[in-house]
Amino acid sequence: MTFEARLTQARVLVEGDLGRRLEACRRTPARLRAAMAHAVLGGGKRFRPFLVLETAALFDAPPAAALAVASALEAIHCYSLAHDDLPSMDNDETRRGRPTVWKAYDEWTAILAGDALLTAAFAWLAEPASAIPPHALGALVAELADAAGPAGMVGGQVIDLQADKLGEPKIPTLAHVKTLQEMKTGALIRFACRAGPLLAGRPAADLDALTVYGEALGFAFQISDDLLDVTGSAAEVGKAVAKDAAAGKATLVSLYGLDGARRVLAATQARALDALRDYGPRAGPLRSAVDFMSARKS
Ligand code: GRG
């Protein structure tokens, strides 16, 4: 099966699961449910769920539990996009080729839809129906909270916005760009790659290998996102482009230029592939995900 077909397979699975979970949310006001659905079900590559499902499949982890983790992670990703698009943050009107949540509803509804998705995600993991093996539940909840929280995505967002909103001096160094990436986007991708071996109760060697893979893949993802901001079209990418340079943001592209960023991307892809060297043909889809970083258009 091609990489695109596997990504589509993951997308269909997780969208079906997310749709059912949103339907089943207890006592949820109709407006909130609709805004949550707008945030979650309106397109998107579903790349993080793909990584959860594929790392779980690599280690024969229980598929139903992997799907619960994939949906929870995607809900958190979608909450972060809904909040990132708010007027007080990035002030974006288009996301995934459609109006952002605040544009389709209003600001307070978008804030609360994001809050609801974040809390629902943890309920989906902790409820008995998630079928997550007891040996893995504590670690998964703690790691997801860590990746999404103050030392991860939220902290990264603060570092990013601080420079913008408070007029603090930009820090155009590789170390700063890497720290920001690791926190803001890398942490969730790293978590997605650790989810499979955690669910399967694999030993430290497998967790370490998939962590190296996840960290390199996350960095490659960010570089490809920065490249798309310069070389992509808004129609293909599904959101506004050329925002980084306009905001004077330090990225791999601003530091090293297009060719330099492409060279760092290639080296990072090589590091991700090397982390999978012991896993044979079954890791094929995870290898294709690495290639996707230099091929993606959205
Ligand atoms: C508001 C707490 C909070 C955090 C926001 C993720 C994020 C942090 C902001 C998004 C800004 C951005 C464009 C980051 C670059 C990488 C990224 C996360 C892109 C969007 O993810 P994709 O490409 O999107 O996986 P789809 O739509 O395919 O799910």
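All residue numbers refer to position in the chain's written sequence, counted from 1. Restriction of local features to residues with pLDDT of at least 70 applies here, the model being predicted, together with a cutoff of 80 or more for giving and counting side-chain atom pairs; totals for whole chains, interfaces and linings are based on all residues. Side-chain figures throughout are based on the complete set of non-hydrogen atoms in the structure, without hydrogens or water.

Visitor: With reference to specific residues and values, describe the packing of aromatic side chains.
Guide: Between rings of Phe, Tyr and Trp, where Trp is taken as its six-membered ring, a pair exists when centres lie within 6.5 Å; planes separated by under 30 degrees are stacked, by over 60 edge-to-face, and by other angles tilted. With the rule as written, the count across this model stands at six aromatic pairs. On the basis of an interplanar angle of 45° and a centroid distance of 6.0 Å, the ring pair of Phe47 and Phe292 is categorised as tilted. Residue Phe47 is found in helix H3 (residues 47-58), and its partner Phe292 is found in helix H14 (residues 284-292); the two are separated by 245 residues along the sequence. Partly exposed residues are those whose accessible area sits between 20% and 50% of the maximum for their type, while under 20% is buried and over 50% is exposed, using a 1.4 Å probe and protein chains only. On the basis of relative accessibility, which here comes to 1%, the residue Phe47 falls in the buried class. Site record: aromatic cluster; members linked through ring pairs are Phe3, Phe47, Phe50, Phe221 and Phe292. The residue whose ring lies beneath Lys178 is Phe219, and the NZ or CZ to ring-centre distance is 4.5 Å. Two conditions define a charge located above a ring, namely a distance within 6 Å from the ring centre to NZ of Lys or CZ of Arg, and an angle within 35 degrees of the ring normal. The lysine or arginine in question, Arg296, covers the ring of Phe221, its NZ or CZ lying 4.2 Å from the ring centre. Helix and strand labels come from DSSP, where a helix needs a run of H or I of at least four residues and a strand needs a run of E of at least two; each type is numbered from the N terminus.

Visitor: Before we move on, could you go through the nonpolar core and cite the residues and values that matter?
Guide: In this structure, Phe47, Leu51, Val69, Leu140 and Tyr213 are the most contacted members of the largest nonpolar core, which totals 85 residues. Here, residues are in contact when the closest pair of their heavy atoms is within 4.5 Å. The residues contacting Leu51, other than those within four sequence positions of it, are Ile189, Ala192, Cys193, Tyr213, Leu217, Leu286 and Ala289. Among buried residues, the Ala, Val, Leu, Ile, Met, Phe, Trp, Tyr and Cys ones that are joined through side-chain atoms within 4.5 Å form a nonpolar core.

Visitor: Let's hear about a nonpolar patch on the surface: which residues, and what values?
Guide: Patches in this entry comprise residues that are over 30% relatively accessible and not in a salt bridge; like charges within 9 Å are linked, as are nonpolar side chains (Val, Leu, Ile, Met, Phe, Trp, Tyr) within 5 Å. Only the protein chains shown count as cover for residues, and all accessible areas are computed by the Shrake-Rupley method using a 1.4 Å probe. For salt bridges, the criterion is a side-chain nitrogen of Lys or Arg within 4 Å of an Asp or Glu carboxyl oxygen. The grouping of Trp108, Ile111 and Leu112 at the surface amounts to a nonpolar patch, some 300 Å² of accessible area in total. Looking at the secondary structure, you find Leu112 in helix H6 (residues 107-126).

Visitor: I'd like to hear about the environment of Met153, residue by residue, with values.
Guide: Residue position: Met153 is located in helix H8 (residues 153-165). Its relative accessible area of 7% is what places Met153 among the buried residues. Met153 sits 28 residues away from Gln181 along the chain, and the two C-alpha atoms are 9.1 Å apart.

Visitor: How would you summarise the pattern of salt bridges if you had to cite specific residues and measurements?
Guide: All told, the structure shown has 21 salt bridges when counted by the stated rule. Between Arg11 and Glu15 there is a salt bridge, with the nearest N and O atoms lying 3.7 Å from each other. Here Glu15 and Arg11 lie together in helix H1 (residues 3-24), a separation of four residues that amounts to about one turn. Look at Arg11 and you get partly exposed, because its relative accessible area is 29%. Overall, Glu15 belongs to the partly exposed group, its relative accessible area being 22%. One salt bridge connects Arg190 with Glu215, and the closest N-O pair in it is separated by 2.8 Å. Here Arg190, found in helix H9 (residues 174-199), pairs with Glu215, found in helix H10 (residues 204-231); they are 25 residues apart in sequence, far enough to count as distant. Ionic contacts of the salt-bridge type, sharing partners, join the residues Arg11, Glu15, Arg46, Glu74 and Arg96 into one network.

Visitor: Would you mind going over H3 in detail, with residue names and values included?
Guide: For a helix, the expected span equals 1.5 Å multiplied by the residue count minus one. Compared with an ideal rise of 1.5 Å per residue, which puts 12 residues at 16 Å, H3 spans 16 Å between its outermost C-alpha atoms and is within 8% of the ideal. Of all 12 residues in H3, 11 are buried, a share of seventy percent or more. If you check which residues of H3 are buried, you get Phe47, Arg48, Pro49, Phe50, Leu51, Val52, Leu53, Glu54, Thr55, Ala56 and Leu58. Taken together, the buried residues of H3 touch H1, helix H4 (63-84), H9, H10 and H14. A positive backbone phi angle near 55° is found at Asp60, which sits one or two residues after H3.

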